[in-house]
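Notes for the structure review
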Amino acid sequence: METALPEGDAVVSLVDIAVRRGTRLLLEGTSWRIRRGEHWVVTGPNGTGKSTLVQALAGELPVVRGRVIPGKAWKIENTGYVSFESHRRLIAREERLDISRQFSCNAENLTTVRDLFEGNLETLDNDVLTSLNSGVSLLMDRPVQALSTGEMRKVLIAKTLARFPKLPTLLILDEPFEGLDESSRRDLMLLVRKLMAEGAQIVLVTHRFSEIPPEITHVLVLGKKGVVGKGPRKAFLDANRETPVFEDIRTKLSAIPPFRGIRKASPPVLVAMRGVCVSYGSTAVIDGLDWTFRRGENWTILGPNGAGKSTLLQMIAGDHPQAYANDIRLFGRRRGTGESIWEIKASIGMISPEFQIRYRKNIIGLEVVLSGFYDSIGLFRRSTPEEEKIAGQWMRHMGIANLAQRPFPQLSQGEQRMVLLARAMVKSPILLILDEPCQGLDRKNRQRVLALIDAVGRHTPTHILCVVHHIEEIPACTTHVLRLFKTADGRRAAGIIEKQGGISGKVPRRSLSGQR
């Protein structure tokens, strides 16, 4: 146990705290002091308590031991907080409201982005909207549930800043760059640096060293047993690499678990779209898309936030209502000709940030993986011994066997993502749809997941359809790239890059990363 920290010029001090999450006590004996003028980054592997620590700092989780000692100028209500959990709570609220709207025959009265600001829009500095790639101002009349993950990140940051007439004393950003395209990440970095220059103190949680602003002054590193280091930036980071305080990211994958076997042969064409259009009001998200996904191909989709990437995946999976108003053929059969949603899902495994947000069942990790056999959110039937064996093999293969008996809601974002990836793999689908599969993962797990996707795409009958925002995360098994973008006159367009034998490392970066 650490001794009490002197207050001095501290903004806030955590002294020998423990935090309760469900039935577990976490971060026991943790102490941390944030002084005036300091900007902190919190980092470490998945599952070490980074989000839990900043949630305690923001007053989102109860501190049941130790003390939180506020400085003279700090109040909890002057603390801004943006996180994945903020997004999850907002969507959960909208789903509850959907039930009320259905009963009141008011299903069309959806919450828009403008409604979220609750009259605080006039307090938002125009520079904030500009720094967020001008995207927020263009989203004001969009329904909240129609936003992509990246668009929602921008909205939540703007909404948090709009609460404060001036600046928050402390602004906590938990993985704010996740889900953003390259241009938006650059804009957000400029905004964060601007806020620092104007006097806001920043606490940033991230797994990616490229997302750490140069103005960050201090680093706190969490490990499996709590804080393993904290102090000035130069003691932990240098310009090019991670210091030895971080675990070795090299990892070796054993052979893929025995493949369950696809119940029917893949047809010559998995997906065919002709003149597909999707719009929200007068805003076109996909405009006249022609695209064919053939047997033996693995595709990666690139494009800026709001280009329609996630919408395209939802059209394939049957999770978008406009899918049935378009000419879409899936596994050789036209959508809307009598097939059930369960027939479609039987041949598809899928993971996305939106799916993770909506998977809120209080069951253990193993049961989440088992639910992949039944395409259900939750487990509502007794699994077979063979299914339990296969699920266990996948969890061991992915290095998450220790999560099998843990309650899913108590897992970190990265741990939940790994469990849901195992769920998507477990039934050996014809088509595996991966929307930002590495989002929220530390370097070791990103490397593990990309190696796994490559092995599945190369050595099994499963086909890969992946969306990424980081060029280095294009799976090595990718044979084709579909890039969605806006033309100079504002129209939606698409381009295809083909490279037989795999794309990673063989196509010039400028061919893939250009955002129009």
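What you see is a predicted model, and the numbers here were worked out from it, not measured in a lab. (Residues numbered from 1 in each chain as written. Predicted model: local features only at pLDDT ≥ 70, side-chain atom pairs only at ≥ 80, totals over all residues. Heavy atoms only, no water.)

Attention shifts here to the pattern of salt bridges. Tallied over the entire structure, the rule returns 22 salt bridges. The residue Arg208 makes a salt bridge to Glu211 at a minimum N-O spacing of 3.8 Å. Accessibility assignment for this pair places Arg208 and Glu211 in one class, buried. Note that Arg208 is salt-bridged to Glu473, the shortest N-O span being 2.7 Å. With Arg208 in the loop between strand E7 (201–205) and strand E8 (218–223) and Glu473 in the loop between strand E17 (463–467) and strand E18 (480–486), this residue pair connects regions lying 265 residues apart in the sequence. In this structure, a network of salt bridges that share partners links the residues Glu178, Arg208, Glu211, Arg446 and Glu473. (Salt bridge = Lys/Arg side-chain N within 4 Å of Asp/Glu carboxyl O. Buried < 20%, exposed > 50% of the residue type's maximum accessible area, 1.4 Å probe, protein only. Helix = DSSP H or I, 4+ residues; strand = E, 2+ residues; numbered from the N terminus.)

This brings us to helix H1 (residues 50–57). Burial analysis of H1 places seven of its eight residues in the buried class, the great majority of the element. Among all positions in H1, only Lys50, Thr52, Leu53, Val54, Gln55, Ala56 and Leu57 are buried.

A separate point is the side chain of Ser148. Summarising the element assignment, Ser148 is placed in the loop between helix H5 (135–138) and helix H6 (149–162). Of the residues examined, Ser148 reaches a relative accessible area of 15% and is grouped as buried. What Ser148 contacts, discounting residues up to four positions off in sequence, is Gly306 and Glu354. (Contact = heavy atoms within 4.5 Å.)

In this section: the packing of helix H13 (residues 413–425) against helix H14 (residues 443–459). Two numbers describe how H13 lies on H14: the axes approach to 12 Å, and their chain directions differ by 5 degrees. Our classification of the angle between H13 and H14 gives roughly parallel. Every residue of H14 that contacts H13 at Met418, Leu421 and Met425 is listed here: Asn445, Arg448, Val449, Leu452, Ile453 and Val456. Residue classes in the contact of H13 with H14 are distributed as seven nonpolar, one polar and one charged. (Axes fitted to C-alpha atoms, helices over the stretch in contact; angles between N-to-C directions. Parallel < 35°, antiparallel > 145°, perpendicular 65-115°, else oblique. Nonpolar A, V, L, I, M, F, W, Y, C, P; charged D, E, K, R; others polar.)

Okay, the confidence of the model for the chain next. As a general rule, the predicted coordinates of low-pLDDT regions are not to be interpreted in detail. Put simply, the chain has an average pLDDT of 84, and 84% of its residues get 70 or more. Contacts of residues 1–6 to residues separated by more than four positions or lying in other chains number 13 contacts, the stretch itself having pLDDT below 50. Low pLDDT, under 50, characterises residues 500–516; the predicted model gives this stretch 39 contacts beyond four residues in sequence or across chains. (pLDDT = per-residue confidence, 0-100.)

Our next topic: the sheet that holds E8. A sheet is described by the order of its strands in space; here six strands give the open sequence E5-E6-E7-E3-E8-E9, paired in mixed fashion. Every other strand in the sheet has two partners, leaving strand E5 (79–82) and strand E9 (226–232) as the edge strands with one partner each. Averaged over all neighbouring strand pairs, the angle between strand axes comes to 15 degrees, with direction disregarded. Bridging between E8 and E9 involves six bridges; their strand directions are antiparallel. If you follow Val219 over to E9, its bridge partner there is Gly231. With respect to the sheet, H1 is in contact with strand E3 (40–43), E5, strand E6 (170–174), E7 and E8, its orientation differing from that of E6 by roughly 155 degrees. (Pairing = 2+ DSSP bridges.)

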